[in-house]
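Overview (structure and organization)
Here's the letter readout for the chains.
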Amino acid sequence: MMRTTLTCTLSLALLAGCAPFNANNARDTPADGHTARNALDWPGSYDGTLPCADCPGIKTRLTLLKDDRYERQTQYLDREPQPEIVTGTFSWESDGSTIRLDASGDSQRYFVGENQVTMLYRDGTRPTGPLAPHYVLRRAQ
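Everything in this summary refers to the structure shown in the same document.

Here is what the cut-offs are and how they apply
- Residues numbered from 1 in each chain as written.
- Predicted model: local features only at pLDDT ≥ 70, side-chain atom pairs only at ≥ 80, totals over all residues.
- Heavy atoms only, no water.
- Helix = DSSP H or I, 4+ residues; strand = E, 2+ residues; numbered from the N terminus.
- Buried < 20%, exposed > 50% of the residue type's maximum accessible area, 1.4 Å probe, protein only.
- Polar contact = N/O pair within 3.5 Å; in protein donor to acceptor, adjacent residues only side chain to side chain.
- Pairing = 2+ DSSP bridges.
- Axes fitted to C-alpha atoms, helices over the stretch in contact; angles between N-to-C directions.
- Disulfide = S-S within 2.5 Å.
- Phe/Tyr/Trp six-rings, centres within 6.5 Å; stacked < 30°, edge-to-face > 60°.

1. Considerations on the side chain of R109
- Looking at the element boundaries, R109 is found in strand β6 (residues 109–113).
- A relative accessible area of 14% places R109 in the buried class.
- Side-chain polar atoms of R109 contact the backbone oxygen of R122, separated by 2.9 Å.

Here it is in structure tokens:
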């Protein structure tokens, strides 16, 4: 009887360890409650040159303000003498680490990290592959 109980208990423990991991739930509710929104010093300006299919790059500066407003400057290198400036508001997604610009900013999403923001693909996923580092805007000095 004792052996059967022990076997059942160990079997249940092993099965519990094999439960599927739901990445969306983990992203939506951080275990420790810390998110970029409440744990990072995210307001400020972020600079970088984003990839461009038919030009050397898109020089970009994204400025995030504490009151959920933004200014985004973009300049296609070798095409535009002056940057295009767009202002508006952004909202935080449920994960607390991703922002979405309003319609003025084409509803573009960015993942907010320590001293950087990463422009996400339209489906909300992070860029991968050799160009992935070029989607990161770093905090301006």
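Having put the structure on the table, let's press on.
2. Concerning the sheet that holds β6
- Ordered by their spatial adjacency, 8 strands build a closed barrel running β1-β2-β3-β4-β5-β6-β7-β8, and the pairing between neighbours is antiparallel. Between one strand and the next, the sheet's axes are offset by a mean angle of 30°, whatever the strand orientation.
- Two elements, strand β7 (residues 116–119) and strand β8 (residues 136–139), share 3 bridges in a ladder whose sense is antiparallel. Its bridge partner being in β8, Q116 is matched across the sheet by R138.

3. Quick look at the state of the cysteines
- Following the criterion strictly, the structure yields 1 disulfide and no others.
- Note that C52 is cross-linked by a disulfide to C55, the S-S spacing being 2.3 Å. Taking the sign of the S-S torsion, 125° for the link of C52 and C55, the bridge is right-handed.

4. Quick word on unusual backbone geometry
- Positioned with a positive phi, D78 is a non-glycine residue whose angle comes to about 70°.
- Relative to the elements of secondary structure, D78 occurs in the loop between β3 (69–76) and β4 (84–92).
- With relative accessibility at 73%, the residue D78 sits in the exposed group.
- Although it is not a glycine, S107 sits at a positive phi angle of roughly 55°.
- Here S107 shows up in the loop between β5 (98–101) and β6.

5. Things to note about the packing of aromatic side chains
- Here the structure, examined in full by the defined rule, presents 4 aromatic pairs.
- With a centroid separation of 5.2 Å and 70° between ring planes, the pair formed by W42 and W92 is classed as edge-to-face. Linking W42 in the loop between α3 (36–39) and β1 (44–50) with W92 in strand β4, this pair joins segments that are 50 residues apart in sequence. The residues W42 and W92 share a single accessibility class, namely buried.
- Ring-pair connections join several aromatic residues into one group, and the members of that group are W42, F90 and W92.

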